[in-house]
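For reference, the chains in residue letters:
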Amino acid sequence: MVTTNRGQPALFEPSPPYALEVNDINVCYGTSRAVLDLNLKVPEHTIVALIGPSGCGKSTLLRSMNRMNDFVTAAKVTGEVLFRGSNIYGKDADPVLLRRQIGMVFQKPNPFPTSIRKNITWGPSINGYQGNYDELIESSLRRAALWDEVAGKLGESGLALSGGQQQRLCIARAIAMDPDVILMDEPCSALDPGSTLKIENLLLELKERFTIVIVTHNMQQARRVSDYTAFMYQGELIEFGPTDGVFETPKQDLTRDYVSGRFG
Amino acid sequence: MSNTHGMTPINSAIFGGSLRIQGEKKALTYQARATWQPRHRWRAFSSKLFKISTFLATLLAIAALIYLLHSIAGQGLERLSWDFITSFPSRFAAKAGIKAALWGSAYLTLLTAAIAVPIGVGAAVYLEEFAADSKLRRFVDINIANLAGVPSIVYGMLGLMLFVRLCNFGRSLIAGAATMSLLILPIIIVSAREALKTVPMGIRHAAFGLGATKWQTIRAHVLPAALPGILSGIILSLSRAVGETAPLLMIGALSYMAFLPESLQDAFTVLPIQIFNWSTRPQDEFHVAAAAGIIVLLALLLTVNALAILLRMRYQRKAQW
Amino acid sequence: MNQGVFLNISRVKIAHIEEAFVKKALFLCAALSVIVTIGIITVLLGETIDFFRVVSLGEFFGTATWAPMFEPRQFGIWPLVGGTFLITFGAGLIGIPGGLGVGMFLNEFAPASVRAIIKPLLEILAGIPTVVYGYFAVTVITPALQQLLPDTEIFNAASAAVVVGIMVLPMVASLCDDALRAVPRSVKEAGYALGATKCEVAIQVTLPAALSGVIASFILALSRAFGETMAVTLAAGSTPRLTLNPLQSVQTLTSYIVQVSTGDTPQGSIEYKSIFAVGMLLLVVTLLFNMLAYVLVKRFRSVYE
């Protein structure tokens, strides 16, 4: 157990409506617990940052929000995550349907080894998108700030792009699905500062339409980009609140130590 | 407002429920949600179908194996006896035995190993440790890959012209062993090279740093480390050699032998050829004998492979970094 | 105390001489592989050229009757090629989808414990000698076929095709499994994250990404079936016949070679030389198949390295 100056955890409730409500989530890998009794409410149209040292469970928490942990056979998840009022871990809940509404961008850019066009249209096509695909491609790429760079070369392989461009392609791919929430797992950690800046600006525009939960180990990024910040340590939620509050006037000693760089 | 698409309530809530947002924030240029038709039932069904068909394919493959072994055992087990193993073949099915074939196989395999293993491992060591990565070496690599894919009967033709005729060995044990050596040489070379590749470069560098020559390093450190893999490869190739029929048919291994080969120049026969010969006879009793012969052959192969696994485990324990 | 260790020049000299000697010996071993290839080509080519001095290329490739032992002698290769193709095609029908299915099952659905059982079983299937498969075809498959379809002859192509298919299935399964495993997990995860089902990711994401490796496995399987000897010799018969009917007996390139060389055809005769021409054709076709597969595998590897 983490010893902090808390008799009560620093519970903060943002105002509804919520895109996601995480209630008493526990994730265990075999005997070790990665996420403990976590409660979190993610408001709509905001950017929530999950920060914390390596191994604190932030990626695990993120992946449990769209049931990507289902693919790890050793992982056991208890608790509930409410999306649109229903528990995504409910008995009959279909994870495939869920992931249409909650998309994900991964740490290392992972475009499909096909053309840029196919990367964007594949998700919508298997999910039965009925509209105009060319418009979809253009609008998704514009919103990912990639259209100008690839407009004439949609038939080229996605793998031929630079790292930063590939990641923006992955963001465009996620946007094309028109989800409610986009989960991002350290999306800029494999990129150079220039691409990172481009993507951060992108996020600020995207929150008009989507709700974004972003895991980041870069505290400055969290400050720049997010509305709310959740600080995790060893699987527990230590503090959650508006970003400025968490960084400037943290309520927990542990939070203050982390954001001031005492440990990391 | 929401179309349930035939889903359970929880899924239709997740999929089709309305998002409680303030209307003004909704960007007008985004596609309206109604333009998606997910065909959810069909997709879930086809996913199930996929799972079932791949499972079925696996089940059928395993079933084929079991059925094959079972039917052969059924046909041949009762014919199996000590007499069967110690008798020579005969015109009378009831008296026929595999003595000559069994010993022939044993001799042939040992001889083949004696020829092919040193040459194969030697070639692998040269190609992996000494030869620089040049066009010539890549040509040799392709060449060996091609040789591995040549049908075994072509090796038989080579053996016939080269060993039986040109070298004048005749239809003898030595001709057979030489032919089989050529056949399994690519397999040994490829698997030995793979084994050598797994030895970390650090070992070699450490030895060079102590002033050792390449050969000293290889002999003392690299080869022992690669031994489990090399042994596996050798056993794999010898298993293949034990089961081969066509090349030996071409070089003239006998199908009827009433004595054991005594010297390298003697005629010989092997288990697969004996089995082949009995299978082609019209009488059912010979088929039964063939089945019994197959059981012996498979038992032999099983033993050889089990030996391989044991040896591999033993040497892997010894080679601890 | 240390004087002797670093000044032991003679020992170092011996080591170098030994090294030079060993290097030469090992070089010869490696060179042998090239010599073997040259040997095969020379042997086949020599006799083939002799053969074509008597039988014209036009007759060989242009006519469709193969009757080397009857009068008048005819050497049209197509019945043998047809027989081989019929069996190869049939074997492919069984081995290729079956092997791909098993490969996909191992990759997508099988937990580690199940894999640990199935992979060795597949290796056993692959290690069974071909003469055993031939026996199985004659004693089990053909009677079963005859019960099902009474027109089936005692020697027939279908029986051989079935067992050769079973024979190549493990090869396809194992190679496809390797190719599918090589697709990075992150690419598959990207597919799942877009709301795709397992079937959709497996077929529309993983399989295309692994395609050249998978196709290479198909080609290798067909090549193996093409060169298969014992199973077809036992099960398919020795009637050179150009037919699409798998229930009849046919003769393949390989079983013709066996038939002549185990018979009492005199050595210098033209029928005897014909086996080398047939062998040459066999060699060329399988070599082409294998080279194609090799090129595909190399191209596949380079995508992910």
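Residues numbered from 1 in each chain as written. Chains lettered and ligands numbered in written order. Predicted model: local features only at pLDDT ≥ 70, side-chain atom pairs only at ≥ 80, totals over all residues.

### Re the overall build of chain B
Consideration 1: Secondary structure summary: chain B contains twelve helices and zero strands in total.
Consideration 2: For chain B, the N- to C-terminal ordering of α and β elements is α-α-α-α-α-α-α-α-α-α-α-α.
Consideration 3: In chain B, buried positions account for 44% of the 321 residues.
Consideration 4: Nonlocal contacts in chain B, meaning residues at least 24 apart in sequence, comprise 74% of its contacts between residues at least 6 apart. (Helix = DSSP H or I, 4+ residues; strand = E, 2+ residues; numbered from the N terminus. Buried ≥ 20, exposed ≤ 12 C-beta atoms within 10 Å, placed from the backbone. Contact = placed C-beta atoms within 7 Å.)

### Topic: the overall build of chain C
Consideration 1: On a plain count of helices and strands, chain C comes out with 13 helices and two strands.
Consideration 2: The C-alpha radius of gyration computed for chain C amounts to 25 Å, which surpasses the reference 19 Å derived for 305 residues by more than 25%, pointing to a less compact arrangement than a globule.
Consideration 3: The C-alpha extent of chain C, read off along each of the three principal axes, is 90 × 65 × 35 Å.
Consideration 4: Expressed as a percentage of the 305 residues in chain C, the buried residues total 52%.
Consideration 5: Look at the contacts in chain C between residues 6 or more apart in sequence, and 74% of them connect residues 24 or more apart. (Rg over C-alpha atoms; globule rule 2.2 N^0.38 Å.)

### Some words on the interface of chain C and chain B
Consideration 1: Facing 65 residues of chain C, the contacting portion of chain B comprises 67 residues.
Consideration 2: Counting residues per element, the side of chain C that touches chain B draws most heavily on helix α2 (residues 9–54) of chain C, at 20 residues.
Consideration 3: Of the residues belonging to the side of chain C that touches chain B, the class tally is 41 nonpolar, 20 polar and four charged. (Nonpolar A, V, L, I, M, F, W, Y, C, P; charged D, E, K, R; others polar.)

### Description of the packing of helix α9 (residues 214–243) of chain B against α2(C)
Consideration 1: α2(C) packs onto α9(B) with a crossing angle of 80 degrees between their chain directions and a minimal axis gap of 8 Å. Taken together, the axis directions place α9(B) and α2(C) in an arrangement best described as roughly perpendicular. Residues B:Lys214, B:Trp215 and B:Gln216 of α9(B) form the contact with α2(C), whose own contacting residues are C:Ala15, C:Glu18, C:Glu19 and C:Val22.
Consideration 2: Residues that form the contact of α9(B) with α2(C) fall into these classes: three nonpolar, one polar and three charged. (Axes fitted to C-alpha atoms, helices over the stretch in contact; angles between N-to-C directions. Parallel < 35°, antiparallel > 145°, perpendicular 65-115°, else oblique.)

### Quick look at the pairing of strand β4 (residues 75–83) of chain A
Residues and elements named next belong to chain A.
Consideration 1: Strand direction decides the pairing type here: strand β1 (residues 18–29) and β4, joined by eight bridges, are antiparallel. Note that in β4 the partner of Val27 across the bridge is Val77.
Consideration 2: Of the pairings in the sheet, the one linking β4 to strand β5 (residues 86–87) comprises two bridges and is antiparallel in character. Following the sheet pairing, Phe83 is matched in β5 by Ser86.
Consideration 3: Following β4, the chain reverses through two residues before pairing antiparallel with β5; Arg84 in that reversal takes a positive phi of roughly 55 degrees. (Pairing = 2+ DSSP bridges.)

### Quick notes on the domain arrangement of chain C
Residues and elements named next belong to chain C.
Consideration 1: When the domains of chain C are assigned, the result is domain 1 (3–54) and domain 2 (67–303).
Consideration 2: Here the C-alpha centroids of domain 1 and domain 2 sit 35 Å apart.
Consideration 3: Every contact between the two is made by seven residues of domain 1 and, on the other side, eight residues of domain 2.
Consideration 4: When the residues that make up the side of domain 1 that touches domain 2 are grouped by side-chain class, the tally is four nonpolar, one polar and two charged. (Domains from an automatic or database assignment.)

### Details of helix α4 (residues 78–108) of chain C
All names here are of chain C.
Consideration 1: A rise of 1.5 Å per residue sets the reference length of α4, with its 31 residues, at 45 Å; its end C-alpha atoms lie 43 Å apart and thus fit the reference within 8%.
Consideration 2: Its maximal kink placed at Gly92, α4 deviates by approximately 30 degrees.
Consideration 3: With 26 of its 31 residues buried, α4 lies for the most part within the structure. (Expected span 1.5 Å × (residues − 1). Bend = angle between axes of the 7 residues up to and from the residue.)

### Regarding the nonpolar core
Residue and element names in this part refer to chain C.
Consideration 1: If you look at the biggest cluster of nonpolar residues, it comprises 275 residues, and the most contacted ones within it are Ala137, Ala160, Val163, Val172 and Ala231.
Consideration 2: When residues of this core are assigned to their parent elements, the largest contribution, 18 residues, is made by helix α7 (residues 157–181).
Consideration 3: Dropping the residues within four chain positions of it, Ala160 is found in contact with Ile87, Ala137, Ala231, Val232, Ala235 and Ala236. (Core = buried A, V, L, I, M, F, W, Y, C linked by C-beta atoms within 7 Å.)

### A few points about the sheet that holds β1(A)
Consideration 1: Overall, antiparallel pairing links the four strands, which are arranged β2-β1-β4-β5 (chain A) in an open sheet. Two strands bound the open sheet, and with one partner strand each, they are β2 (32–43) and β5 of chain A.

### Considerations on the environment of C:Arg185
Residues and elements named next belong to chain C.
Consideration 1: Structurally, Arg185 is set in helix α8 (residues 185–193).
Consideration 2: Classification of Arg185 by C-beta neighbours within 10 Å gives exposed; the count is 10.
Consideration 3: The spacing of Arg185 and Ala173 is twelve residues in sequence and 20 Å in space, taken between C-alpha atoms.

### Examining the sheet that holds strand β8 (residues 211–215) of chain A
Residue and element names in this part refer to chain A.
Consideration 1: Pairing is mixed in the open sheet, where six strands are placed in the order β6-β7-β8-β3-β9-β10. A single partner strand is all that each edge strand has here, and the edge strands are β6 (102–105) and β10 (236–242). The sheet shows a mean angle of 15 degrees between the axes of neighbouring strands, taken without regard to direction.
Consideration 2: Strand direction decides the pairing type here: strand β3 (residues 47–51) and β8, joined by four bridges, are parallel. Each residue of the ladder has a partner; that of Ile47, found in β8, is Ile212.
Consideration 3: Of the strands in this sheet, β3, β6, β7 (181–185), β8 and β9 (228–233) touch helix α1 (residues 58–65), which is tilted by about 150 degrees from β8.

### A short note on the packing of helix α6 (residues 130–148) of chain C against α7(C)
Residues and elements named next belong to chain C.
Consideration 1: Running from N to C, α6 and α7 cross one another at 130 degrees; their axes reach a closest spacing of 9 Å. Taken together, the axes of α6 and α7 are oblique relative to one another. The two elements α6 and α7 meet at a crossing, and its hand is right-handed. Where α6 abuts α7, its residues Thr130, Tyr133, Phe136, Ala137, Ile141, Thr142 and Leu145 lie against Ala158, Ser159, Ala160, Val162, Val163 and Met167.
Consideration 2: For the contact of α6 with α7, the class distribution of residues is ten nonpolar, three polar and no charged. (Left-handed = near helix turned anticlockwise from the far one by under 90°.)

### Some remarks on the confidence of the model for chain B
All names here are of chain B.
Consideration 1: Counting all residues, the mean pLDDT for chain B is 83, and 87% of those residues have values of 70 or more.
Consideration 2: In the model of chain B, helix α1 (residues 9–16) stands out as the element of lowest mean pLDDT, 62, in contrast to helix α7 (residues 173–197), which has the highest, 93.
Consideration 3: A low-confidence stretch, residues 17–34 stays under pLDDT 50, and its non-local contacts, those more than four residues away or across chains, total 19 contacts. (pLDDT = per-residue confidence, 0-100.)

### Some thoughts on the pairing of β6(A)
Side-chain positions along a regular strand alternate between the two faces of the sheet.
Residues and elements named next belong to chain A.
Consideration 1: Neither face of β6 is exposed, since Ile102 and Met104 on one face and Gly103 and Val105 on the opposite face are all buried.
Consideration 2: The pairing of β6 with β7 spans four bridges and is classified as parallel. Bridge assignment links Ile102 to a residue of β7, and that residue is Val181.

### Regarding the environment of B:Thr217
All names here are of chain B.
Consideration 1: Position of Thr217 relative to the elements: it lies in helix α9.
Consideration 2: Thr217 gets classed as partly exposed once you count the C-beta atoms within 10 Å, which come to 19.
Consideration 3: If sequence neighbours within four positions are ignored, Thr217 has contacts with Arg204, Ala207, Phe208, Ala212 and Val222.

### Concerning unusual backbone geometry
Residue and element names in this part refer to chain A.
Consideration 1: The peptide bond linking Pro16 to Pro17 adopts the cis configuration, its omega dihedral lying at 0 degrees.
Consideration 2: With respect to the helices and strands, Pro17 occurs in the segment before β1.
Consideration 3: Located in the positive-phi region is Asp24, a residue other than glycine, with phi close to 50 degrees.
Consideration 4: In this fold, Asp24 is placed in strand β1.

### Let's talk about the confidence of the model for chain C
Consideration 1: Summarising the model, chain C shows a mean pLDDT of 89, and 95% of its residues fall at 70 or more.
Consideration 2: Reported confidence for the predicted complex is 0.89 by ipTM and 0.84 by pTM.

### Re the environment of A:Leu98
Consideration 1: Relative to the helices and strands, A:Leu98 resides in helix α2 (residues 95–101).
Consideration 2: Residue class for A:Leu98 comes out buried when judged on the 23 C-beta atoms lying within 10 Å of it.

### Description of α6(C)
Consideration 1: Between the first and last C-alpha of α6(C) there are 25 Å, a value that for 19 residues agrees with the 27 Å anticipated at 1.5 Å per step.
Consideration 2: Along α6(C), the helix axis deviates most sharply at C:Ala137, where the bend reaches about 40 degrees.

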